[in-house]
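Overview (structure and organization)
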Amino acid sequence: MKIAKGNATVAGINFAIYADITLRGMIAVNEATGEEKIIIRSGYATKDLTIRKAVANAFSLPTFRNN
């Protein structure tokens with residue numbers, strides 16, 4: 001069951017962030033392509049920088065910066 005957490009922009013790409021209570025983790029969805037990946041498997045993150053770093057790592061982006 002996904003619960004909307006917010007949005008994040010990483011390397012100029014917008015992502016929708018969800019918390020999944022059955023998975024006990026967080027999921028990011030690329031809003032342009034619809035690609036979905038798990039960014040955090042055990043627990044939840046609240047800080048913007050932590051979420052952007054996790055998204056950049058999961059989607060193999062060159063930077064975790066906003067633009």
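Above: the structure in question.
Described below are features of the structure shown in this document.

Quick notes on the rules
Residues numbered from 1 in each chain as written. Predicted model: local features only at pLDDT ≥ 70, side-chain atom pairs only at ≥ 80, totals over all residues. Heavy atoms only, no water. Helix = DSSP H or I, 4+ residues; strand = E, 2+ residues; numbered from the N terminus. Buried < 20%, exposed > 50% of the residue type's maximum accessible area, 1.4 Å probe, protein only. Contact = heavy atoms within 4.5 Å. Areas by Shrake-Rupley, 256 points an atom, 1.4 Å probe, with all protein chains shown as cover. Lys, Arg positive; Asp, Glu negative; His and termini not counted. Charge placed at Lys NZ, Arg CZ, Asp CG, Glu CD. Polar contact = N/O pair within 3.5 Å; in protein donor to acceptor, adjacent residues only side chain to side chain.

Observations concerning the overall build of the protein chain
Helix and strand counts for the protein chain come out as 1 helix and 4 strands. Reading the secondary structure of the protein chain in the N-to-C direction produces β-β-β-β-α. In terms of overall dimensions, the protein chain has C-alpha extents of about 30 × 20 × 20 Å along its principal axes. Every one of the 67 residues in the protein chain was classed for burial, and the buried ones make up 34%. Long-range contacts, defined here as pairs at least 24 residues apart, represent 29% of the contacts in the protein chain between residues at least 6 apart. As displayed, the protein chain offers around 4,200 Å² of accessible surface, 49% of which is attributable to carbon and sulfur atoms. One way to put it: in the protein chain the 9 positive side-chain charges average out to a point 9 Å from where the 5 negative ones average out.

Quick word on the environment of Lys 37
Tracing the backbone through its elements, the reader meets Lys 37 in strand E4 (residues 36-40). Judged by relative accessible area, which is 30%, Lys 37 ranks as partly exposed. Between the alpha carbons of Lys 37 and Met 26 there is a distance of 8.8 Å; along the sequence they are 11 residues apart. Among all residues touching Lys 37, those that are not within four sequence positions of it are Met 26, Ile 27, Ala 28, Ala 58 and Phe 59. Here the side chain of Lys 37 touches Ala 58 through a polar contact of 3.3 Å, landing on its backbone oxygen.

Concerning unusual backbone geometry
Comment: phi is negative for the bulk of residues other than glycine, and the bulk of peptide bonds are trans. Notably, Ala 11 is not glycine yet its phi reads approximately 55°, a positive angle. Mapped onto the secondary structure, Ala 11 falls in the loop between strand E1 (2-10) and strand E2 (13-20). Despite not being glycine, Ser 60 has its phi angle at roughly 55°, a positive value. Turning to its location among the elements, Ser 60 is positioned in the segment after helix H1 (48-58). For Ser 60, a relative accessible area of 64% corresponds to the exposed category.

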